[in-house]
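Structure at a glance
Here are the chains, one letter per residue:
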Amino acid sequence: MSKENGVIYRISGPVVTAVGISPRMYEVVRVGNEGLMGEVIELHGDQSVIQVYEETSGVRPGEPVVRTGQTLSVQLGPGLLTKIYDGIQRPLPELEKTMGVFIKRGVDADGLDLEKIWDFNATSKKGDSVSSGDILGTVQETKTIEHKVMVPPGVSGKIKDIKSGDFNVTQTVCTLEDGTEIQMMQKWPVRTPRPFTKKHAPEVPLQTGQRILDFLFPLAKGGTAGIPGPFGSGKTVTQQQLAKWSDADIVVYIGCGERGNEMTEVLDEFPHLMDPKTGEALMNRTTMIANTSNMPVAAREASVYTGITIAEYFRDMGYDVALMADSTSRWAEAMREISSRLEEMPGEEGYPAYLSSRLAEFYERAGRVETLAGGDGSVSVIGAVSPPGGDISEPVSQGTLRIVKVFWGLDAGLARQRHFPAINWLNSYSLYPPSLDQWYRDNIKSDFPEIRTEISALLQVEAELQEIVQLVGSDALPVDQQLTLEVARMIREFFLQQNAFHDVDTYSDLKLQYNMAKAILSFQEESKKAIAGGAALEDVVNIPARTDLMRGRFESGYEDKIDEMLEAMNKQIADTMEAN
Amino acid sequence: MTGKEYRTITDVKGPLVFLNKTEPVAFGEIVELRLTDGTLKNGQVLDTSDDQVIVQVFEGTASIDKQTGIKFLGDVFKLPVSTDMIGRILDGAGRPRDGGPAIVADEMADIIGAAINPYSRQSPSSFIQTGISAIDACTSLVRGQKLPIFSASGLPHNDIALQIARQAKLVGSDDDFVVVFCAMGITAEEYNFFVHDLERTGALENACLFVNLADDPAVERLITPRLALTAAEYLAFEHDYHVLVIYTDMTNYCESLRQIGAAREEVPGRRGYPGYMYTDLAMLYERAGLVKGKKGSITQFPILTMPGDDITHPIPDLSGYITEGQIVISRELHQKGIYPPINVLPSLSRLMNAGIGDGKTREDHKSVSDQLYAAYAQGRELRGLVAIVGEDALNERDLQLLKFADIFENQFLRQSRDEDRSIGEGTLDYAWELLSNIDTKYLVRLDQKWIDKYHPTEKKE
């Protein structure tokens, strides 16, 4: 690739037009005297239109533009985990070292530490025939994650030489007979999905420890979910809960156009969080991408691609990866902003006409796949959407809902009542239960799906009864319906509400969720019996053991005590019958 | 580059001047325009190419003709900053307005402001006591936060902002706040109200004002908040001050943004506001926070009036997505004669959990606040029901909650303009006292251990 030099013709915010070069689409170029990083997004006669990832004030027409010959790529290899990157894979701690607390421009930094020595343990041997995606060896990247060094896509042959030992990511660890040298680091263009053999149906749930999500609206490993909600309804907290507690092997968290302080909170908090399964720091399995709302808009546009490419890379090693993008609306707005600078004909609400196809392409990179090496890996994508005014009829929400299989609808009304997570149980849905139910029957309890159906049916009935109550008051209802209302309230306050900031309540495993749901149904059944036997509804509802059972979820060891508490509750309910 | 004056204007449109045949001009470069009568105006380059340069004129384009001379000053907009700014009143372009001497610059600071590396930020976690119960209990403010006041015309947002500016303090610390006040398009009357109040309380000596009034050029408003924040950053991160930035009214700022967008014939987004308004607002709001290794901090209080009381209007909507919560002023409460008329239900502080609890405010704060919200929300909902079916149809629990909603508004929210309630006794204990009007068994948001410890009648001691 010959390097050609051109000059800047025009600058309008993040969009720069250059003349005198003929680059390829999406090629990375260096703009101006400071060498700002940019990407070619349109070719127009002899003009190349470039989106620049850094602030452009002070740049003048006539300054140079230099081709690099490469499209926007990320560096993949050991050292990705525990890292915090900006939208174009520059490590933020490195940037702090070179330019202080404010992000200045024209600074380049490698995504991987090129000097760091890793202990490479070869698992393939001389004479093996290998092809793209095959695993050559492993590196213990963090305490919990073993990084698998793979043959880069497009490379295959017989191994001539491979050796274990200490290497940095640019040193050759394996040579093929045709002379191809393979290093631990590979590069991949972010806008191209990484190859795999085939896609599987989703059959395993992604466990998150969040009761309303796991129990009522589960997401499958390799599935896609959208969380739309107005501001203040708890999108970010929900995303963070998923990043903390979901049982994926690897978590990629993209803070796209969000608040700086919030990102910092995540950055501060994660290193101290422990994985409930391994007891090790959660950060050991996490890569973060932080491009806050005031960082350059073009880098925001790139950040989701950077994130999903890293996710796919770990998927190719056979890991289950969960990717959170908060928020895809900011990504869409970045597209809109750039599109408007390009003076493209706008589609709905000023968004470019290609918005929905870009969204679809992005979510389509999720999935549970057979990797090139023959193993199973998955990328689950959970995208937050921030609809203006909370109205989900807008293009980004609609474009997302057409693609994703799970909809967790956040509700400002619930948030206002401090019902968290403020996920509306009436309009949310998941299309995965039919394919996941067998897993629940085999791994949790044989009647798990039935219990779920009962719980959601009760919530539906409640919604209908509430309409009547709004008109006539609850006292006008027959006793059995009043009991239904009580039970539904118990579901809402005891089961659906979950305090993300409470040490114990923040996580419930599936087994406990099942037991809690069973306890609610048991309360309903026993109360019915008691009332039929002459007990007053008020007495049944006010038994102290029920309050104990409900408050118990805030105490550690609840999973061991719940059966005992349930028994005590049932006994007290029976007693109310005798008291009359 | 400086010195050369061009008389090559081709078009003048709204606040924009188009000219051609220039030397290469930098994007964002500052421009001086000399009118034929000798008046000077200032502007900034919005778009630049070999063929055409577009300049946005801060003072408006009145009297500009094709003979107007245009000089490019070779640099982007910079503000002279120094600690002498404290106690001064400057205009919307950073020039003295109080008749005092020009600011002698310690440093020339770029007003665009680079983004703080998220990795270099420090999480805000120091509780600021405002002395206003509604805020302290339910939407607690922490140092480094940006918490806007969503108000509407005719509501006492200015009083609330001033009361916060007056009373804000860190519990158990002597550090004082320096106030940077930024006025964008407010009336002279409102401005006088602020200045008199700041003078009356002696706070003016500890404040720096940037003032663009309603009759000042609208385009200048686009740089006024950037100047204020540049000054704030200098004071906070170079001189360790804790800075409270109050700016009003963001709605006027956004209107100016729309005006420029329209003049450039940009494709408009919602309600004619430009598609990049989110990014533009973020460039202001995100200049709040704390930085590792520096003592100072910037806390922001933007005030915006919601057109037509509509919280889904693009201005409050986009702001809400960037700021860390919002304090919503309610017309309904105001008409009931309650001051401060803060509707806690749609109000929110996202950083609250980081700033409250044991060792910061009090261990029971979170529980109490959740319970207040839940009880008040349900009580208000019941009001609607009672209007239809009357109180007789309510059960005991509902009756108690209904009553509580009134108690909450009339006793907890209501306080006088100079009443400074402490967080412990003044606010949380008071909340417990009021909550004791509800039967304990209905107070499901309260941990039993806090009931045992703090409930006025049921505590076990």
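Before reading further, recall that the structure is shown in the block above.
Here we summarise the structure given alongside this text. Since this is a predicted model, take the numbers as computed values, not measurements.

Right, let's get into the overall build of chain B. Within chain B one finds 13 helices and 22 strands. Taken against the 2.2 N^0.38 rule, which gives 23 Å for 461 residues, the C-alpha radius of gyration of chain B at 25 Å falls within 12% of a compact globule. Counting all 461 residues of chain B, 62% fall into the buried class. When contacts within chain B are restricted to residue pairs at least 6 apart in sequence, long-range pairs at least 24 apart make up 73% of them. As presented, chain B carries roughly 16,100 Å² of accessible surface, and 46% of it is formed by carbon and sulfur atoms. In chain B, 47 side chains carry a positive charge and 67 a negative one; their mean positions are 2 Å apart.

Here we come to the sheet that holds strand β16 (residues 181-183) of chain A. Residue and element names in this part refer to chain A. Strand order in the open sheet formed by 4 strands is β10-β13-β15-β16, and the pairing between neighbours is antiparallel. Sheet topology places β10 (129-130) and β16 at the edges, where each strand pairs with a single neighbour. Where strand β13 (residues 157-162) lies against strand β15 (residues 172-176), 3 bridges are found, and the strand directions are antiparallel. The residue of β15 that forms the bridge with I159 is L176.

In this assembly, 75 residues from chain A lie in contact with 82 residues from chain B. For the pair chain A and chain B, the two sides together bury roughly 6,600 Å², of which 53% comes from carbon and sulfur. The largest contributions to the chain A side of the interface with chain B come from A:F231, A:N261 and A:R418, which together make up 12% of the buried area. Remark: the boundary between chain A and chain B carries 3 salt bridges. B:E29 serves as the salt-bridge partner of A:R60, at 2.9 Å between the closest nitrogen and oxygen. The interface formed by chain A and chain B includes 34 residue pairs in polar contact (both at pLDDT 80 or more). Listing elements by their share of the side of chain A that touches chain B, those giving two or more residues are β1 (5-12), α1 (92-99), α4 (260-269), α5 (297-316), α6 (328-341), α11 (448-472) and α12 (479-496) of chain A. The leading source of residues in the side of chain A that touches chain B is α4(A), at 8 residues. When its residues are assigned to classes, the side of chain A that touches chain B shows 27 nonpolar, 25 polar and 23 charged. Summarising the sheet, β1(A) and strand β5 (residues 40-49) of chain B pair through 2 bridges and their orientation is antiparallel.

Residues and elements named next belong to chain B. Strand order in the open sheet formed by 3 strands is β13-β12-β15, with antiparallel pairing between adjacent strands. If you trace the sheet from one side to the other, it starts and ends with β13 (141-142) and β15 (169-170), each paired once. The pairing of strand β12 (residues 127-129) with β15 spans 2 bridges and is classified as antiparallel. The partner of I128 across the bridge, within β15, is L170.

The subject of this paragraph is α5(A). Count 3.6 residues to each turn of an α-helix, and residues three or four apart come out pointing the same way. Residue and element names in this part refer to chain A. Compared with the 28 Å implied by 1.5 Å per residue over 20 residues, the 30 Å span of α5 between its first and last C-alpha is a close match. With respect to burial, α5 is a largely interior element, 20 of its 20 residues being buried. Trailing α5 by a residue or two, G318 shows a phi angle of about 100°, which is positive.

Okay, the pairing of strand β17 (residues 186-189) of chain A next. All names here are of chain A. Residue alternation in β17 divides its side chains into a buried set, Q186 and W188, and an unburied set, K187 and P189. Pairing geometry for strand β7 (residues 73-76) and β17, over 4 bridges, is antiparallel. Bridge pairing in β17 places S73 opposite P189.

Let us look at helix α2 (residues 157-167) of chain B. Counted residue by residue, α2(B) has 10 buried out of 11 residues, so it is predominantly covered. Within the span of α2(B), buried status applies to B:H157, B:N158, B:D159, B:I160, B:A161, B:L162, B:Q163, B:I164, B:A165 and B:Q167.

Counting residues in each nonpolar core, the largest one holds 83 residues, and the members touching the most others are A:M288, A:I382, A:W408, A:I455 and A:L549. No other element matches the 10 residues that helix α13 (residues 510-532) of chain A contributes to this core. Excluding anything up to four places from it in sequence, A:I382 contacts A:L206, A:L219, A:A225, A:I227, A:Q239, A:L242, A:L323, A:M324, A:A325 and A:W408. Listed in part, the 79 residues of the second largest apolar core include B:I128, B:A183, B:L401 and B:L435.

We now examine the packing of aromatic side chains. Under the criterion given, the structure shown has 24 aromatic pairs over all chains. The interplanar angle of 10° and the centroid separation of 4.4 Å between the aromatic rings of A:Y440 and A:F448 together place this pair among those described as stacked. Like A:Y440, the residue A:F448 is buried in the burial classification. Among the aromatic residues, those joined into a cluster by ring pairs are A:F215, A:W439, A:Y440, A:F448, A:F495 and A:Y514. Over the aromatic face of A:W188 sits the side chain of A:R194, whose NZ or CZ is 5.2 Å from the ring centroid. It is B:R258 that lies over the ring of B:Y273; its NZ or CZ is 4.2 Å from the centre.

The next subject is the pattern of salt bridges. Tallied over the full model, the rule gives 78 salt bridges over all chains. Here A:D505 and A:R553 are joined by a salt bridge, their closest N and O atoms 3.5 Å apart. In this pair, A:D505 is assigned in the loop between α12 and α13 and A:R553 in the loop between α15 (544-551) and α16 (558-579), connecting sequence segments 48 residues apart. Of the two residues, A:D505 and A:R553, both sit in the buried class. Ionic contacts of the salt-bridge type, sharing partners, join the residues A:E258, A:R259, A:E262, A:R330, A:E333 and B:R350 into one network.

Cut-off values and rules
- Residues numbered from 1 in each chain as written.
- Chains lettered and ligands numbered in written order.
- Predicted model: local features only at pLDDT ≥ 70, side-chain atom pairs only at ≥ 80, totals over all residues.
- Heavy atoms only, no water.
- Helix = DSSP H or I, 4+ residues; strand = E, 2+ residues; numbered from the N terminus.
- Rg over C-alpha atoms; globule rule 2.2 N^0.38 Å.
- Buried < 20%, exposed > 50% of the residue type's maximum accessible area, 1.4 Å probe, protein only.
- Contact = heavy atoms within 4.5 Å.
- Areas by Shrake-Rupley, 256 points an atom, 1.4 Å probe, with all protein chains shown as cover.
- Lys, Arg positive; Asp, Glu negative; His and termini not counted.
- Charge placed at Lys NZ, Arg CZ, Asp CG, Glu CD.
- Pairing = 2+ DSSP bridges.
- Buried area = accessible area lost by both parts, 1.4 Å probe.
- Salt bridge = Lys/Arg side-chain N within 4 Å of Asp/Glu carboxyl O.
- Polar contact = N/O pair within 3.5 Å; in protein donor to acceptor, adjacent residues only side chain to side chain.
- Nonpolar A, V, L, I, M, F, W, Y, C, P; charged D, E, K, R; others polar.
- Expected span 1.5 Å × (residues − 1).
- Core = buried A, V, L, I, M, F, W, Y, C linked by side-chain atoms within 4.5 Å.
- Phe/Tyr/Trp six-rings, centres within 6.5 Å; stacked < 30°, edge-to-face > 60°.
- Lys NZ or Arg CZ within 6 Å of the ring centre and 35° of its normal.

Everything listed is a geometric property; what it means functionally is a separate question.
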